[in-house]
Amino acid sequence: MSQALDVLRSRFGYDEFRFQQQQIIDGLIDGRDALVLMPTGGGKSLCYQIPAILRDGVGIIISPLIALMQDQVDALALNGLSAAFLNSTQTVDQQQQVKQRLRNNDIDLLYVAPERALNEDFLQMLGECRIALFAIDEAHCVSQWGHDFRPDYQKLTRLHERFPGVPRIALTATADQRTLREIEQQLQLEGAQRFVHSFDRPNIFYRVTQGDNNRQRLWSFIQQHHASDAGIVYCLSRKKVEETAKWLGDRGRHALPYHAGLDKNTRAEHQRIFLQQEGVIIVATIAFGMGIDKPDVRFVAHLNLPKNLESYYQETGRAGRDGEPANAWMAYGMQDVITLRQMMAQSDADEQFKRVLHHKMEAMLGFCEQTGCRRQTLLAYFDETLAEPCGHCDNCVEPPLTWDATEAARMGLSCVFRTGQRFGVNYVIDVLLGNAKDRILQNRHDQLSTFGIGDLDQNEWRSLFRQLIALGYLYADIDNYGALKMTPDCKPLLAGDRQLWLRKFEKPVKTPKPATPKIRTELREGDTPLFEALRLHRKQLAQEQGVPPYVILHDKTLAAICAQRPDSVEQLSMIPGIGERKLELYGSELIRITREYPSDGQALSGGSD
Ligand code: ADP
Ligand code: ZN
């Protein structure tokens, strides 16, 4: 058996390497650089953790989020590994202790932020240690086009210049081809072996809905599929975050806001509660979540249109990192399109940058309005081809109804034209519906041929305009109070040279199909009492040790115990997710509890708890 596999089994309790983990690890152990693109939950951490353990010296892990270092180190310690971090949250004493351990060559893994890694004192200290490797996590932060740009990342080549013999690994879960090239150039990793893993996250079910009353629809979705699960709800503005968290709270869910307007301590506290307690919902602006390693987030919901597909993919990727079924759910409306375009137009960025942003937003909209398989589009965006429709997204499961919208689109466009391209969508729809409102009468638009024309209702018109905007026939002129303007694309449509099939307006009453069996429904019926007993035990352990429950054991591991009913330490050691250290710490108690619940589901009388 290779040493790496041995460590995987004995320290981490897993049987096999996943994907390309083995090649990546072997390469690093042999001193070769690597650039790794792997989806969230793919198992990137092991790619540097195992080589850091096996190579002589300390592995330096550069990570942008100091808030998470404690958790990462705690989790490693529970596997019996020697890990530490250095950051500004520590007292001088604590930092001294870590430095002493470093000098004694007593640390396998050291987590630091980029600022720290570039600090001259730190570099000097490294000069006195043996270094196993440099791991640059969240490497897309190097890209100034990206959404998480961190200028210090661009200076990380200094590490390489200073310690040229040390192998490096850069990892990210979010990068298109262009960003990958940028990472390579900025970090001088042109010689590194590239490992690009499929972006597919087969356990995530994608659903995009449009229409009004998003919050109510969110609630139905949560009630129906995730009545007691942990999840993240993303909104565009702080105000909406606050309102939504309160709204969910009023309905009995433990929901906490997270946005840049909250002070640092509150944010840290909310993040801590989300990680450590079960069934908490975080309502956040997009600023939440990078590097959050909570494997049992069962749903990610968007109450607004995300800015681009990278963000959408990255945010939804926070669901189901444990590989169990999870939902990505989105509700958006036309107002989102207008708001995003406004934000974009008002930014001070240069023209080229704006064009990139614009292009990305169009791709996002295209994804929402499309009628084909979502996963195919999503993967295509990351240059990956999925030959067949996935069968696990809303469009695959319930193909959207389409209708020949050519005639209606012509009416809508001609109404925009006849009202002088000076009015917003609500006004235009009022004219189309024949609503004789004061403003319309003043403008004498009740005299137009398009006044009260067609047989669409208000919602159907809204859907039509949303799609006309998404497809680029119309845009909302933001300098002009959102007045609808026509683009040259309208010509062939108005001239009758082009047909237009659009997604039919979805009636909000439609009940969504059941999308995700949860872990617990995969348990045999009689296993529930044992599962609950194990969960309770895990919760006590977690509280005693001040770590999140999943750091002790994953749900998946508990479920495997229920299924296999290990009766000895040997049998227990075969359960995935239980390494030597955890076996030693928790083994006898797990077996004791398991024995109290024989497979027929009845607790033995006289069981102690
Ligand atoms: P990433 O950093 O890529 O998002 P992680 O490194 O946090 O993902 O891994 C996600 C989950 O998968 C973790 O719970 C990890 O322990 C688990 N995992 C990683 N590699 C394996 C493997 N070879 N077998 C089983 N589970 C694994
Ligand atoms: Zn699909």
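Residues numbered from 1 in each chain as written. Chains lettered and ligands numbered in written order. Predicted model: local features only at pLDDT ≥ 70, side-chain atom pairs only at ≥ 80, totals over all residues. Heavy atoms only, no water.

**What to know about the sheet that holds strand S10 (residues 255-258)**
Point 1. With respect to topology, six strands assemble into an open sheet ordered S8-S13-S12-S9-S11-S10, the strand pairing being parallel. The sheet is open, and its two edges are formed by strand S8 (204-210) and S10, each paired on a single side. Here the strands of the sheet are splayed against their neighbours by 15° on average, with no regard to which way each runs.
Point 2. Pairing analysis gives four bridges linking strand S12 (residues 299-302) to strand S13 (residues 326-332), with the strands arranged parallel. Across the sheet, Phe299 pairs through a bridge with Asn327, a residue of S13. (Pairing = 2+ DSSP bridges. Helix = DSSP H or I, 4+ residues; strand = E, 2+ residues; numbered from the N terminus. Axes fitted to C-alpha atoms, helices over the stretch in contact; angles between N-to-C directions.)

**A short note on the pattern of salt bridges**
Point 1. This structure, assessed with the given rule, holds 30 salt bridges.
Point 2. Between Arg565 and Asp527 there is a salt bridge, with the nearest N and O atoms lying 2.4 Å from each other. Highlighted residues: Arg565 in the loop between helix H26 (555-564) and helix H27 (569-573) and Asp527 in the loop between helix H23 (519-522) and helix H24 (528-545), separated in sequence by 38 residues. Neither Arg565 nor Asp527 differs from the other in exposure class; each is buried.
Point 3. As a salt-bridge pair, Arg592 and Glu589 come within 2.6 Å of each other at their nearest N and O atoms. Of this pair, Arg592 and Glu589 are both found in helix H28 (residues 580-596), three residues apart, which corresponds to roughly one turn of the helix.
Point 4. We classify Arg592 as partly exposed; its relative accessible area is 27%.
Point 5. Overlapping salt bridges, with partners in common, bring together Glu278, Glu532, Arg535, Arg538 and Asp555 in one network. (Salt bridge = Lys/Arg side-chain N within 4 Å of Asp/Glu carboxyl O. Buried < 20%, exposed > 50% of the residue type's maximum accessible area, 1.4 Å probe, protein only.)

**Some words on the site of ligand 1**
Point 1. Inspection of the region around ligand 1 gives 16 residues, with Tyr14, Gly41, Lys44, Ser45 and Arg321 positioned closest.
Point 2. Tyr14 places a polar side-chain atom, nitrogen or oxygen, 2.7 Å from an oxygen atom of ligand 1.
Point 3. Within the contact set of ligand 1, an oxygen atom lies 3.0 Å away from a backbone nitrogen or oxygen of Gly43.
Point 4. In isolation ligand 1 offers 560 Å² of accessible surface; the protein chains occlude 85% of this area.
Point 5. A total of three residues in the shell around ligand 1 trace back to one element, the largest contributor, which is helix H3 (residues 44-54).
Point 6. Split into classes, the residues belonging to the shell around ligand 1 amount to four nonpolar, seven polar and five charged. (Near = heavy atom within 4 Å. Polar contact = N/O pair within 3.5 Å; in protein donor to acceptor, adjacent residues only side chain to side chain. Areas by Shrake-Rupley, 256 points an atom, 1.4 Å probe, with all protein chains shown as cover. Nonpolar A, V, L, I, M, F, W, Y, C, P; charged D, E, K, R; others polar.)

**Some remarks on the coordination of the zinc ion (ligand 2)**
Octahedral six-donor coordination of a metal ideally yields angles of 90 or 180 degrees, compared with 109.5 degrees for tetrahedral four-donor coordination.
Point 1. Taken together, the protein ligands of the zinc ion (ligand 2) are Cys373 (SG), Cys390 (SG), Cys393 (SG) and Cys396 (SG), with distances of 2.3 to 2.4 Å.
Point 2. Each of the four donor atoms bound to the zinc ion (ligand 2) contributes to angles spanning 102 to 119°, and the resulting shape is tetrahedral.
Point 3. Spacing between the donor residues of the zinc ion (ligand 2) along the chain follows C-x16-C-x2-C-x2-C. Placement of the pair is Cys373 in the loop between helix H15 (351-369) and helix H16 (374-381) and Cys393 in the loop between H16 and helix H17 (394-397), with a sequence separation of 20 residues. (Donors = N, O, S within 2.8 Å, 3.2 Å for Na, K, Ca; no water. Tetrahedral: all angles 85-135°; square planar, octahedral: opposite > 155°, others 65-115°.)

**Some details on the packing of aromatic side chains**
Point 1. For the coordinates displayed, the defined rule picks out nine aromatic pairs.
Point 2. With a centroid separation of 5.8 Å and 80° between ring planes, the pair formed by Phe221 and Phe299 is classed as edge-to-face. Within this pair, whereas Phe221 is found in helix H10 (residues 214-225), its partner Phe299 is found in strand S12, the two being separated by 78 residues in sequence.
Point 3. Assessed through its relative accessible area of 0%, Phe299 is described here as buried.
Point 4. Taking the centre distance of 3.9 Å and the plane angle of 15° together, the rings of Phe423 and Tyr427 count as stacked.
Point 5. Taking the relative accessible area as the measure of exposure, Phe423 reaches 6% and is therefore buried.
Point 6. Judged by its relative accessible area of 7%, Tyr427 falls in the buried class.
Point 7. The rings of Tyr206, Tyr312 and Phe367 are connected pair by pair, giving a single aromatic cluster.
Point 8. Over the aromatic face of Trp247 sits the side chain of Arg251, whose NZ or CZ is 3.8 Å from the ring centroid.
Point 9. We note Lys294 situated over the ring of Phe274; from NZ or CZ to the ring centre the distance is 5.3 Å. (Phe/Tyr/Trp six-rings, centres within 6.5 Å; stacked < 30°, edge-to-face > 60°. Lys NZ or Arg CZ within 6 Å of the ring centre and 35° of its normal.)

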